[in-house]
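What the coordinates show
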Amino acid sequence: MPANHSYICRTRYSENLFGVFYGQNPLKASFPLIMVELTFLIIVSRVVRLLLKPFGQPKIISEIIGGIILGPSVLCRNEKFRMYMFPDNGYYVIKNMGIVGFMFYLFISGVKMDIFAVRKADKKHWYIALFGVMVPLCCGVAVAFYWRKSLTPELVKASAVMGITSSLAMTAFPVLYPIMKELNLLSSEIGRVALSIAVIGDVIGMNGVVIFEASKQGENQPIAALWYIISLAVVQASIFGGVRQFMIWIIRTTPVGKPVDQVYVVGILLGVFVVAFVADALGLAIANGPLWLGLAVPDGPPLGAILVEKSETILTNIFMPFSYMYVGMVTDLSSMSGNWDYLRPLLYVVLTGYIMKMVSTLAIARFLDLTIRDSLTLSLIMSLRGEVEFLLFIHWMDFKILQVPEFTMLVLLTVAVTVIAAPLIRILHDPARPYMLNTRRTIQHTLPNTELHLVTCIDEEENLYGVMNLLELLNPTASTPIAVHTLRLIELVGRANPVFIDHESEEENGAEGCRFSSIHNALKIYGEAKGDYITMHSYTAISPKRSMHQDVCELALTKHASLIIIPVPRVIIDHTIGTPVRKSTSQSLSFNVLKHAPCSVGVLVSKKEYPNRVSGVLRSSMHHFILLFLGGADCREALSYADRAAARCPDISLTVVRFLSHEDEGDIEVEKKLDDQLVTSFWVKYEANEHVVYREAVVKNGEETMAVIHAMNDVCYDLWIVGRNHVNPVLIHGLSNWTEIGELGVIGEYIASSDFSSNASVLVVQQQILRGQRKNSGSLVGRFLLNQNWKKLVHM
């Protein structure tokens, strides 16, 4: 037996467990032990997540803290707990499962990342990326050189210094994307800039990794560096030249609208293990192979999307917890005690790198004319750290560059940077802030005989006809032209970078724009059929569901729109619970747009099943509209819409029903005066028009209001128009069951529901809410305060 080897004797337990009723301990077997460890980590991480969420901390912080709690820093300081829960053979399994988690994490990140986006990146993004990398790199090297006599023999080597300082200067895209997704910044302007800079930084970082690996392997045998370069070239050529072409062939042979065959999906996922084995065997680092394979996968549907869909859940909930557990098991706070003499120089190097990264990014962004707030936000975003850094620390431990004390300090500093940066980003950057205006962008305050700009959203092809039918009823003329900006919304799946396509710039977007041209072509044909009085502009936004509203609001802001039209499905009544429900992803979109829109918003519910063809949009002999006016800003905006859209056309009849409370109960004086002023002006204008009917109904409560609405339903109307919010609570008293889906308001929900016998479409209008008034806009008092200054702004 060699004297320089240690041997550990363990009791071998039977693998055929009969259960605890036979006196057997299930934790003596490997598999039940691993399941208990995983469950324990998930519970601890969720508890930490619950405690840290109010402080704006991202998910990775709770995950890594959970791993540290389970490790030798906290619970495993108790020897009995460690031997029972994490025996030596259990640690071996955790390590390997953790490495598999990091492998698939980088693979999925590579699938989502479009590495070729660097070719389209703005020059400013290149300047920020290069300056933000070179300054902290040079400063870190300078500090390391100054403290070289105090560094450990492994850290003082040039390869180690360059490896550590370059990692401090980089911001990894796989780290940035999930945190920005949590912060809901992906579709914001600053988010797009940060992702573009991160991709450029990763391209630089990959070259840095190659230099580090080659120099490290060539320290003892220079020929090893040459073999590393040759192996790298062969593997990358095989992946990008061979495997990628095979994946392109898979996409080409997959029918449009059909999923990729499961055989190919399973084969690619198994290929992750193959390339990891090849990379590790050739000394290329085990995680590099899966990353390159992921980058070779064409992003987006159909292949990239299904790979992410099939892998992300098990990766996030099974494999990655093992990765965090592995990091936590290596991290030992007690190991730092008594080692400050050689930890201090490394601390100075790391702090210099992190601080200079933030300062350099802030300085160059400000120099390139970004605002101070956006520059500071960008610098904090580029300071975020996470999974890639942890994997690098593990890799450096394998090279003996780091020992447990240095590893522990680097993990703590990495966590500290993200803990500080994430909540500051939330405070500094509100994605909705650019859409909060002090100027009016409403139909009511748009000058007559001027072009009206509208933004219409289409998330499904079934919505196309309903939107086009509504545009048809707007009746554009030479004196009242309309500019329509139609935005096709597609959920971002299988890729990380949101995409915004202007279909009038097909040359610039190339094939990317042609992929979504069917709806664009239908709208183009419709616009040509309507002549010069309506101008159609088509766009496509591919973004996460959570941030789709940012694309809508941004388009409305830049195009100076007065109204956003959002089609939603009809409301279905669940008679088992007696409340309205709707199964649709557009509900969250409409809620967010209503909350943040820089102009007025119209929510359209099409209850008819329209044919899916443009030729179906034909004007019939007469259209019948009805407007329910319950008072308030939203109803005034609805009346202005009816005035501009319907009442000026001889083929449209309009019925306006104004609801008044008995003996003016519940009325707000200022609102009442504004309502009277607009309604009187409207009636005087159309008093002689036989197609315009004005009625008033005096009611005492919501039940009488509903009775009047039912009585009006004897006429076959084509469109019901109603305001979303109502300032007089008496008119809707007793209708509390119709408040579950607030996007349509109390009255709008009922008219759009399946219980209401009319098949007419419903348009629910909300007038623009100005800056500083959004917090109070949801309450009656808030609406009253909101309208205090409107008297001076009412345009007749």
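Residues numbered from 1 in each chain as written. Predicted model: local features only at pLDDT ≥ 70, side-chain atom pairs only at ≥ 80, totals over all residues. Heavy atoms only, no water.

**Quick look at the overall build of the protein**
The helix and strand inventory of the protein stands at 27 helices and 13 strands. Residues classed as buried in the protein amount to 56% of the 796 residues present. Accessible area for the protein stands at about 35,300 Å²; split by element, carbon and sulfur atoms hold 60% of it. (Helix = DSSP H or I, 4+ residues; strand = E, 2+ residues; numbered from the N terminus. Buried < 20%, exposed > 50% of the residue type's maximum accessible area, 1.4 Å probe, protein only. Areas by Shrake-Rupley, 256 points an atom, 1.4 Å probe, with all protein chains shown as cover.)

**A look at unusual backbone geometry**
A positive phi angle, close to 55°, is found at E663, a residue other than glycine. One can find E663 in the loop between β10 (652-661) and α24 (669-686). At D664, a residue that is not glycine, the phi angle is positive and equals roughly 60°. Summarising the element assignment, D664 is placed in the loop between β10 and α24.

**Notes on the packing of aromatic side chains**
Two aromatic rings are characterised by how far apart their centres lie and by the angle between their planes. Going through the model one piece at a time under the given rule, you end up with 20 aromatic pairs. Judged by centre distance (5.1 Å) and plane angle (50°), the ring pair of W147 and Y348 falls under tilted. Of this pair, W147 sits in the loop between α5 (123-146) and α6 (158-169) while Y348 sits in helix α13 (residues 340-367), and the two are 201 residues apart along the sequence. Residue class for Y348 comes out partly exposed when judged on its relative accessible area of 31%. Here F390 and F393 contribute two aromatic rings whose centre-to-centre distance is 6.5 Å and whose plane-to-plane angle is 70°, an arrangement assigned as edge-to-face. (Phe/Tyr/Trp six-rings, centres within 6.5 Å; stacked < 30°, edge-to-face > 60°.)

**Concerning the packing of helix α25 (residues 702-712) against helix α26 (residues 745-752)**
Packing of α25 against α26 leaves a shortest axis separation of 12 Å and a crossing angle of 40°. Judged on the interaxial angle alone, α26 and α25 are oblique. Helix-helix and strand crossings are classified by hand; for α25 and α26 the assignment is right-handed. Each of T705, M706, I709 and H710 in α25 lies in contact with α26, whose residues at this interface are I747, Y750 and I751. (Axes fitted to C-alpha atoms, helices over the stretch in contact; angles between N-to-C directions. Parallel < 35°, antiparallel > 145°, perpendicular 65-115°, else oblique. Left-handed = near helix turned anticlockwise from the far one by under 90°. Contact = heavy atoms within 4.5 Å.)

**A look at the state of the cysteines**
In total, this model carries zero disulfides according to the counting rule given. The structure places no disulfide on C553, whose sulfur is separated from the nearest cysteine sulfur, that of C599, by 7.8 Å. (Disulfide = S-S within 2.5 Å.)

**So, empty space enclosed by the protein**
Evaluated as defined, the whole model comprises eight cavities of 30 Å³ or more. Its volume calculated, the largest cavity comes out at about 130 Å³. Taken together, 15 residues line the largest cavity, and the ones lying closest to its centre are L630, G631, D667, K672 and D675. The set of elements that each furnish at least two residues to the lining of the largest cavity consists of β10 and α24. Examining the composition of the lining of the largest cavity, we find that four residues originate from one element, β10, more than from any other. Partitioning the lining of the largest cavity into residue classes produces seven nonpolar, three polar and five charged. Each pocket or cavity is described by its volume, and for the second largest cavity that value is around 70 Å³. (1 Å grid on protein atoms, 1.4 Å probe; cavity = no way out; pocket = protein on both sides within 12 Å on 5 of 7 lines; lining within 4 Å. Points joined across faces, edges and corners; volume = space filled by probe spheres on them. Nonpolar A, V, L, I, M, F, W, Y, C, P; charged D, E, K, R; others polar.)

**Comments concerning the environment of I381**
Examined against the element boundaries, I381 turns out to sit in helix α14 (residues 372-381). Placed 23 residues apart in sequence, I381 and M358 show a C-alpha to C-alpha distance of 8.9 Å. Setting aside its immediate chain neighbours within four residues, I381 contacts T171, L176, M180, L185, I190, A194 and I425.

**Re the layout of surface pockets**
Its boundaries defined by the atoms lining it, the second largest pocket holds a volume of some 1,100 Å³. For the second largest pocket, the lining is made up of 44 residues, of which V209, A285, N288, L291 and L392 are closest to its centre. The set of elements that each furnish at least two residues to the lining of the second largest pocket consists of α4 (88-112), α6, α8 (189-217), α9 (222-253), α11 (288-296) and α15 (387-398). It is α8 that contributes the most residues to the lining of the second largest pocket, twelve residues altogether.

**Considering the environment of V715**
By the element assignment, V715 lies in the loop between α25 and β12 (719-723). As for V715 and I626, which are separated by 89 residues in sequence, their C-alpha atoms are 9.7 Å apart.

**What to know about the packing of α4 against helix α12 (residues 303-330)**
The interhelical angle for the contact between α4 and α12, taken along N-to-C directions, is 140°, at an axis separation of 7 Å. By the angle between their directions, the pair α4 and α12 is classed as oblique. Crossing hand, α4 versus α12: left-handed. Per-class residue counts for the contact of α4 with α12 are 22 nonpolar, five polar and three charged.

**Things to note about the side chain of S196**
Note on placement: S196 falls in helix α8. Side-chain polar atoms of S196 contact the side chain of H125, separated by 3.0 Å. (Polar contact = N/O pair within 3.5 Å; in protein donor to acceptor, adjacent residues only side chain to side chain.)

**Remarks on the side chain of S311**
Its place among the elements puts S311 in helix α12. A polar atom in the side chain of S311 sits 2.8 Å from the backbone oxygen of L307. Ignoring sequence-local partners within four residues, the contact set of S311 consists of I108 and L269.

**A look at the pattern of salt bridges**
Counting across every chain of the model gives 14 salt bridges. Its salt-bridge partner being D551, residue R192 comes within 2.8 Å of it at the nearest N-O pair. Placement of the pair is R192 in helix α8 and D551 in helix α21 (residues 548-558), with a sequence separation of 359 residues. Salt bridges sharing partners connect three or more residues here, namely R636, E671 and D675. (Salt bridge = Lys/Arg side-chain N within 4 Å of Asp/Glu carboxyl O.)

**Details of the pairing of β12**
When you tally the buried positions in β12, you get five out of five residues, the bulk of the element. Burial along β12 is two-sided: L719, I721 and G723 and W720 and V722, pointing in opposite directions, are all buried. Both strand β9 (residues 623-629) and β12 contribute to a ladder of four bridges, which runs parallel. Within β12, the residue paired with I626 across the bridge is W720. Relative to strand β13 (residues 761-766), β12 runs parallel, the two being bridged by five bridges. Paired with V722 across the bridge in β13 is V764. (Pairing = 2+ DSSP bridges.)

**Considering α21**
Burial analysis of α21 places nine of its eleven residues in the buried class, the great majority of the element. Turning to α21, its buried residues are M548, H549, Q550, D551, V552, C553, L555, A556 and L557. H560 lies just past α21 and shows a positive phi near 55°.

**A closer look at the sheet that holds strand β3 (residues 499-502)**
Spatial strand order, β3-β4-β2-β1-β5-β8-β13-β12-β9-β10-β11: eleven strands in an open sheet with mixed pairing. Of all strands in the sheet, those bounded by a partner on one side alone are β3 and β11 (692-699). Looking at each pair of strands side by side, their axes are set apart by 20° on average, direction ignored.

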